[in-house]
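Chain residues, written in single-letter form:
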Amino acid sequence: MKMYGNKVDLMFAGIFFMTFCGAYFGQRVVETQRGPLFRAEGSHVTLSCKVRGYEGTPKQNFHWSIYRPASPSVEIHIVSTADPHFTYALYRNRVRMQDIYIERTSTDSVLLHITKLQVHDQGEYECYTPNTDSVYYGAYSDKTILTVIPDTLQARFSALSIRRAAGESLSLSCDVSKRTSQHTHLSISWFLQIGGETLELVTLTREFILQAGTAFHHRLESGHLRLDRSGLTTYLLTIFQLQHSDQGEIYCEATEWIQDPDKSWYPLLIKRTESTKVTVEQRPLAADVQESEYTTDSSVPKKTFQPLHAHGIVLQVNSLCSDVVSVTRSWAYYILVILFFVI
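The paragraphs below set out a description of the structure included in this document. (Residues numbered from 1 in each chain as written. Predicted model: local features only at pLDDT ≥ 70, side-chain atom pairs only at ≥ 80, totals over all residues. Heavy atoms only, no water.)

### Some details on the packing of aromatic side chains
Okay, so step 1: Counted according to the given criterion, the structure contains 2 aromatic pairs.
Okay, so step 2: When the centroid spacing of 5.3 Å and the interplanar angle of 90° are considered together, the rings of Phe157 and Trp190 count as edge-to-face. Of this pair, Phe157 sits in the loop between β10 (154-156) and β11 (161-165) while Trp190 sits in strand β13 (residues 184-194); the two residues are 33 residues apart in sequence, bridging distant segments of the chain. The pair formed by Phe157 and Trp190 is uniform in burial state, with each residue classed as buried.
Okay, so step 3: One residue, Arg39, lies across the ring of Tyr266, its end atom 3.6 Å from the ring centre.
Okay, so step 4: The cationic tip of Lys143 hangs over the ring face of Tyr67; the distance from NZ or CZ to the ring centre is 4.4 Å. (Phe/Tyr/Trp six-rings, centres within 6.5 Å; stacked < 30°, edge-to-face > 60°. Helix = DSSP H or I, 4+ residues; strand = E, 2+ residues; numbered from the N terminus. Buried < 20%, exposed > 50% of the residue type's maximum accessible area, 1.4 Å probe, protein only. Lys NZ or Arg CZ within 6 Å of the ring centre and 35° of its normal.)

### Some points on the pairing of strand β12 (residues 170-177)
Okay, so step 1: Across 3 bridges, the pairing between β10 and β12 is antiparallel. Its bridge partner being in β12, Arg156 is matched across the sheet by Asp175.
Okay, so step 2: Across 6 bridges, the pairing between β12 and strand β17 (residues 234-239) is antiparallel. Across the sheet, the residue bridging to Leu170 is Ile239, located in β17. (Pairing = 2+ DSSP bridges.)

### Thoughts on the sheet that holds β10
Okay, so step 1: Pairing within the open sheet is antiparallel, and its 4 strands lie in the order β10-β12-β17-β16. Of all strands in the sheet, those with a lone pairing partner are β10 and β16 (225-230), marking the two edges. Neighbouring strand axes in the sheet, compared pairwise and without regard to direction, differ in orientation by 20° on average.
Okay, so step 2: By the bridge criterion, 6 bridges tie β16 to β17 in an arrangement that is antiparallel. For Leu225, the partnering residue across the bridge sits in β17 and is Ile239. (Axes fitted to C-alpha atoms, helices over the stretch in contact; angles between N-to-C directions.)

### Let's talk about the state of the cysteines
Okay, so step 1: Scanning the entire structure with this criterion turns up 2 disulfides.
Okay, so step 2: Shown here is the disulfide that connects Cys49 with Cys127, its sulfur atoms set 2.0 Å apart. Taking the torsion about the sulfur-sulfur bond, which here is approximately -85°, the covalent link between Cys49 and Cys127 counts as left-handed. Of the two residues, Cys49 is situated in strand β3 (residues 45-52) and Cys127 in strand β8 (residues 123-128); the sequence distance between them amounts to 78 residues.
Okay, so step 3: A relative accessible area of 0% means that Cys127 is categorised as buried.
Okay, so step 4: The disulfide partner of Cys174 is Cys252, and the S-S distance across this bridge is 2.4 Å. With the S-S bond torsion at -80°, the cross-link from Cys174 to Cys252 turns out left-handed. Taken together, the residues Cys174 in strand β12 and Cys252 in strand β18 (residues 248-259) connect sequence positions 78 residues apart. Like Cys174, the residue Cys252 is buried in the burial classification. (Disulfide = S-S within 2.5 Å.)

### Regarding the pattern of salt bridges
Okay, so step 1: The tally for this structure, following the rule as stated, stands at 10 salt bridges.
Okay, so step 2: Put simply, Asp133 and Arg28 hold a salt bridge, and the shortest N to O gap is 3.1 Å. With Asp133 in the loop between β8 and β9 (141-149) and Arg28 in the loop between α1 (2-26) and β1 (29-32), this residue pair connects regions lying 105 residues apart in the sequence.
Okay, so step 3: Residue class for Arg28 comes out buried when judged on its relative accessible area of 0%.
Okay, so step 4: Between Arg206 and Glu207 there is a salt bridge whose closest N-O contact spans 3.2 Å.
Okay, so step 5: In the salt-bridge network here, residues are joined through shared partners; they are Glu31, Lys50 and Arg52. (Salt bridge = Lys/Arg side-chain N within 4 Å of Asp/Glu carboxyl O.)

### Digging into the sheet that holds strand β4 (residues 63-67)
Okay, so step 1: Here 5 strands make up an open sheet; going across it, the order is β2-β9-β8-β4-β5 and the pairing mixed. In the strand order of this sheet, the two ends are held by β2 (37-40) and β5 (76-80), each with one partner. On average, each strand axis in the sheet is inclined to that of its neighbour by 30°, with strand direction left out of account.
Okay, so step 2: Against the sheet, helix α2 (residues 89-96) engages β4 and β5, with an angle of about 25° to β5. (Contact = heavy atoms within 4.5 Å.)

### Thoughts on unusual backbone geometry
As a rule of thumb, non-glycine residues mostly have phi less than zero, and peptide bonds are mostly trans rather than cis.
Okay, so step 1: Of the consecutive residues Gly35 and Pro36, the connecting peptide bond is found in the cis state with omega at 5°.
Okay, so step 2: Summarising the element assignment, Pro36 is placed in the loop between β1 and β2.
Okay, so step 3: A positive phi angle is found at Gln98, which is not glycine, with a value near 65°.
Okay, so step 4: Mapping Gln98 onto the fold places it in the loop between α2 and β6 (100-106).
Okay, so step 5: The backbone of Lys263 sits at a positive phi, close to 75°, despite the residue not being glycine.
Okay, so step 6: Topologically, Lys263 is positioned in the loop between β18 and β19 (265-272).

What follows is the structure, given as structure tokens:
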């Protein structure tokens, strides 16, 4: 009886272990991006979804649907990786125009893309994976909430055409503002575009840290490159001792960041200003500048200038004094002659 009892105990232990392990390791689990997510109207949005613990084919399929706030119990089909007829009429045109599409990131994970978010895209999104398992076991779908907020980010910069001589300074200002009700951070960057190459000049990060692009790091450290905040909205770029390599198209870019529930930072909006064309001319030699101030005709003899020395001034004064003494002696002779005849 004791041996029989041990067998029963082992059997129940095995059943418990298999059940527990099956529930823990073998069940299907679908995971979407943790919400709620706040995204700006007009921006490009992605929602992630992945599945694990499944059986069957490694290439899994995904269906995306939405439950709108006005009708939270009504499921509206958006797009599917498996069924081309899955989409409801409400989204059919946007799916056909590739404004909404699914991107596979692996055989069992996808991204839902909404290239231009609209106000009525707000709602609860569901990612569903069709069954490929021998039995139904686990969770086949997951949901996340997406909230659409207005685009309030503005970046303004007056486009100009500027000419400076090498060695001079250049200052440009960019006005950036936002009015979102959510807690967001700003980063401000200045870029120099030379032909098809874009170089980062300097950035004020969302943590309020100043950092320069690789090509301008030494100039920031030496104090020849600055980015200062003036007031609440103005960001001033200053480049000291301009170099010929600094010429090109300069523009400002503002990014508004929001922190998602998973603690990662998401670029909510990016706004780029128009560009200012900067031309840096080589400074003429000092001798050439001096000559050009006095004559432009090569046939005219150019003036020569010699430094004025102290002994020259003394010689001129001595000469003047000699003339005065000579005149004084002549007048004294005439006065003596007149006095002789009068007496």
